[in-house]
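Architecture and fold: a report
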Amino acid sequence: MAAALEIAGLSLRFGGLTALNALDLALKPGEAIGLIGPNGSGKTSLFNVLTGHHAPDAGSVRLDGNETAGLPPPRIAALGVARTFQNLRLLRRLSVYENLRAARHARAPWREALWQTPAARRREQDAMISLLALFGLASKTHEMPEALTLVEMRQLEIARVLAAAPKLVLLDEPAAGMTPAETDRIIRAIAEHLLPGRSAIVIEHKVQLVTALCPRIAVLDAGRKIADGPAAAVLGQGEVRRSYFGAASC
Amino acid sequence: MDGYTISVLSNIGLFAFLAISAWILLIAGEISFGQQAYFAIGAYSGGIATAVWQWPFAAGVVIAVALGAAVGALVAWPTMRLSGLHYAIATLAFAELTRASLNVFTYRRDIEGFATGPDGANGFGDIRWVYEAGIEPGAYLAIIAGCLGAVIGLVALMSYGRGMARLRIVGEDPILAAMQGLSVTRTKIAAASLAGGIAALGGALYAHLATYIEPAQFSVMTGVHALAYGLIGGLGTVLGPILGVLIDIGLLESLRVFAGYRMIVFGGLVVLVLIVRPRGLLDEPTMRRVQAWLRR
């Protein structure tokens, strides 16, 4: 089967700093891969290139056969890439509902900027509220994001990814700062609603989450891929343990 | 209504166009010190259309709005690459360039034995449509109110549809907006075009009320006021900039309590509001509470 995502020779440099160094990575359709590695190893930089926020210095990114490297973010989003953010990126001046709806504006025709029929607006409202209900957020529809707990904010970001109906999902530390119980809730939400039928890359330090969601794991170190394979095998490798947990733990 | 009330209300209405124009760009995340340029473009083009070309008033207004919107988009195309302070300075420079150009812009034709049209720094008089058509000040106030109502209605439609949400998303977080598939550049150009058209509409109405316009009327201070109205009144609703105009012209200028000290009081008020409520009196949380109350 053709790869859903094929990254080849991808390099990204900031002046003298090499964030990504000739990275190769391929995802089969519907496959979820865990991306781990020490801080500064290039995980988030990869997401920034995949979403078009940074243009790579070399290499190619093919999404369902379309070259996306260097395209502007809106074009890449239109091809079906959506992400969450490590530090949460919600619009704090807009309601929960408008935060979710933000994912829908781009695919709507321009005339809807001026005129959305009441029926279309109701349909969209129903769709958004049932999406919020999946994450237990329906009662918060008209709240501001600041009224949400950390877990709810993450779930809203995940719901926003879902609202964009993407083909490729990029999750950047979806359980950062969460207790084990909260992490469980997030794992369930992602596994039940987000992953089915989509390819995904999940950046996460929590082994609990990565192994629960991703049968396959790739490890980055200093912008290079140092391991890639079945989760159990990769986590057991010496080089991975050294770069990830430090030499002392070997 | 007595003549004085009518003239104050007309003034409030005319400044409201300029204030809404600057407010739209504030929502889209840009600070413009140059919306007075579009007010001037509207005033001059509308005046030329009716006084020099002898077009009907409505056609003059339409051409003014079209020109304001077109120039707004054209200026936005290169300047939208800038942001924050750089954009503010670029808009200021464009407005001053417009004013300086009007100072040397002469376009006069013989209309019924009189040379009519803009005459550089000497200004542009005899924009007499209101007298020729026999429009009373009260009726002209109704025209202003009708046009302002149309602009508020347009913003209301955009709030109901996706337009205002798009502007607010791009204004708050352009990087996120782009990742949600929204073209930041196109959205901002559309906002600048809309803002240009609205300011030009106010300008065309102003020219026909004043009957005499000159480049000096469209100075930086006019633009700074327009910007301050939105910041005082609030960024949560289109009624915010109108509230700002009401506070400045309706209260400070008209009540004469602060006669002579108006600019000092107004300046102090701007500083105070920016410290206490950075996004104005009718800011987003306030509007959220109003909406929640309305839903009950």
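Placed above this text is the structure.
What comes next is a walk through the structure. Every value quoted in this text rests on a predicted model; they were computed, and no experiment measured them.

1. Looking at the overall build of chain A
When you go through chain A residue by residue, the secondary structure sums to nine helices and ten strands. In terms of C-alpha radius of gyration, chain A reaches 19 Å, essentially the compact-globule figure of 18 Å for 250 residues. C-alpha atoms of chain A, sized along the principal axes, occupy 60 × 40 × 40 Å. Each charge class in chain A was averaged separately, 29 positive and 23 negative side chains, and the resulting centres sit 3 Å apart.

2. So, the overall build of chain B
Counting secondary structure elements, chain B contains 13 helices and two strands. Its C-alpha radius of gyration of 19 Å places chain B within 12% of the 19 Å reference for a compact globule of 296 residues. Counting only residues that meet the buried cut, chain B has 54% of its 296 residues in that class. Within chain B, contacts between residues separated by at least 24 positions form 75% of all contacts whose residues are at least 6 apart in sequence. The centroid of the 18 positive side-chain charges in chain B is displaced by 14 Å from the centroid of its 16 negative side-chain charges.

3. Quick look at a nonpolar patch on the surface
A cluster of nonpolar residues, B:Leu251, B:Leu255, B:Val257, B:Phe258, B:Tyr261 and B:Ile264, forms a patch on the protein surface that exposes about 630 Å² of accessible area. Here B:Phe258 shows up in the loop between helix 11 (239-253) and helix 12 (262-276).

4. A closer look at the sheet that holds strand 6 (residues 81-83) of chain A
Residue and element names in this part refer to chain A. On the basis of which strands lie adjacent, the open sheet formed by six strands has the order 6-7-8-3-9-10 and mixed pairing. Among the strands making up the open sheet, the edge pair consists of strand 6 and strand 10 (224-230). Strand-to-strand twist across the sheet, computed as the mean angle between neighbouring axes with direction ignored, equals 20 degrees.

5. Quick notes on the sheet that holds strand 2 (residues 17-27) of chain A
All names here are of chain A. Pairing within the open sheet is antiparallel, and its four strands lie in the order 2-1-4-5. Since the sheet does not close on itself, it has two edges, and those belong to strand 2 and strand 5 (66-67), each with one partner. Judged from the two bridges that link them, strand 4 (residues 58-63) and strand 5 form a sheet pairing that is antiparallel. Bridging across to strand 5, Leu63 finds its partner in Asn66. In the packing of helix 1 (residues 43-50) onto the sheet, the strands contacted are strand 1 (5-14), strand 2 and strand 4, and the crossing angle to strand 1 comes to about 110 degrees.

6. Thoughts on the side chain of B:Gln180
With respect to the secondary-structure elements, B:Gln180 resides in the loop between helix 8 (174-179) and helix 9 (184-210). The exposure class assigned to B:Gln180 is buried, which follows from its relative accessible area of 10%. Setting aside chain neighbours within four positions, we find B:Gln180 in contact with A:Ala77, A:Ala102, A:Ala103, A:Ala106 and A:Arg160.

7. Some points on helix 1 (residues 3-27) of chain B
Residues and elements named next belong to chain B. Between its first and last C-alpha, helix 1 extends 36 Å over 25 residues, near the 36 Å set by a 1.5 Å rise per residue. By the criterion of burial, helix 1 is predominantly enclosed, with 18 of the 25 residues buried. Positive backbone phi, approximately 85 degrees, marks Gly29, located one or two places after helix 1.

8. Side note on the packing of helix 4 (residues 118-134) of chain A against helix 5 (residues 150-163) of chain A
Residues and elements named next belong to chain A. Where helix 4 contacts helix 5, the axes come no closer than 10 Å and their chain directions differ by 135 degrees. By the angle between their directions, the pair helix 4 and helix 5 is classed as oblique. The chirality of how helix 4 crosses helix 5 is right-handed. In this structure, helix 4 contributes Met128, Leu131, Leu132 and Leu134 to the contact, and helix 5 contributes Leu156, Ala159, Leu162 and Ala163.

9. Structural notes on the pairing of strand 1 of chain A
Across a regular strand the side chains alternate sides, sitting on one face of the sheet and then on the other. All names here are of chain A. In terms of strand pairing, strand 1 meets strand 2 through seven bridges, oriented antiparallel. Residue Phe14 lies in a different strand from strand 2, and its bridge partner there is Leu17. If you look at the hairpin formed by strand 1 and strand 2, you'll find two residues sitting between the two strands, and Gly15 has a positive phi there, around 60 degrees. The sheet contact formed by strand 1 and strand 4 spans five bridges and is antiparallel. Considered in strand 4, the bridge of Leu5 is made with Leu63.

10. Focus: the interface of chain B and chain A
A common way to express how large an interface is: the accessible area buried when the components associate. If you look at the interface, chain B gives 29 residues, while chain A gives 35 residues. Regarding the contact of chain B and chain A, the summed buried area is about 3200 Å², with carbon and sulfur atoms giving 61% of it. If you sort the residues of chain B by the area they bury against chain A, B:Tyr160, B:Arg162 and B:Met179 come out on top, with a joint share of 26%. Where chain B packs against chain A, one counts five salt bridges. Among the salt bridges present, the one from B:Arg162 reaches A:Glu124, with a minimum N-O distance of 3.0 Å. Taken together, the connections running from chain B to chain A amount to nine residue pairs in polar contact (both at pLDDT 80 or more). Going through the elements one at a time, helix 6 (137-160), helix 7 (163-172), helix 8, helix 9 and helix 13 (284-295) of chain B are the ones with two or more residues in the side of chain B that touches chain A.

11. Remarks on the packing of helix 1 of chain B against helix 7 of chain B
Residue and element names in this part refer to chain B. Between helix 1 and helix 7, the least distance of the axes is 7 Å, while the angle of their chain directions is 60 degrees. Considered as vectors, helix 1 and helix 7 are oriented oblique to each other. Contacts between helix 1 and helix 7 pair Trp23, Ile24 and Ile27 from the former with Met164, Leu167, Arg168 and Gly171 from the latter. Tallied by class, residues from the contact of helix 1 with helix 7 come to five nonpolar, one polar and one charged.

12. Observations regarding the pairing of strand 9 (residues 216-221) of chain A
All names here are of chain A. For strand 9, the buried fraction is high: five of the six residues fall into the buried class. Where strand 9 lies against strand 10, six bridges are found, and the strand directions are antiparallel. Its bridge partner lying in strand 10, Ile217 is registered against Gly229. Between the end of strand 9 and the start of strand 10, which pair antiparallel, lie two residues, with Ala222 showing a positive phi angle near 50 degrees.

What counts, and at which threshold
- Residues numbered from 1 in each chain as written.
- Chains lettered and ligands numbered in written order.
- Predicted model: local features only at pLDDT ≥ 70, side-chain atom pairs only at ≥ 80, totals over all residues.
- Heavy atoms only, no water.
- Helix = DSSP H or I, 4+ residues; strand = E, 2+ residues; numbered from the N terminus.
- Rg over C-alpha atoms; globule rule 2.2 N^0.38 Å.
- Lys, Arg positive; Asp, Glu negative; His and termini not counted.
- Charge placed at Lys NZ, Arg CZ, Asp CG, Glu CD.
- Buried < 20%, exposed > 50% of the residue type's maximum accessible area, 1.4 Å probe, protein only.
- Contact = heavy atoms within 4.5 Å.
- Patch = residues over 30% accessible without salt bridge, like charges linked within 9 Å, V, L, I, M, F, W, Y side chains within 5 Å.
- Areas by Shrake-Rupley, 256 points an atom, 1.4 Å probe, with all protein chains shown as cover.
- Salt bridge = Lys/Arg side-chain N within 4 Å of Asp/Glu carboxyl O.
- Pairing = 2+ DSSP bridges.
- Axes fitted to C-alpha atoms, helices over the stretch in contact; angles between N-to-C directions.
- Expected span 1.5 Å × (residues − 1).
- Parallel < 35°, antiparallel > 145°, perpendicular 65-115°, else oblique.
- Left-handed = near helix turned anticlockwise from the far one by under 90°.
- Buried area = accessible area lost by both parts, 1.4 Å probe.
- Polar contact = N/O pair within 3.5 Å; in protein donor to acceptor, adjacent residues only side chain to side chain.
- Nonpolar A, V, L, I, M, F, W, Y, C, P; charged D, E, K, R; others polar.

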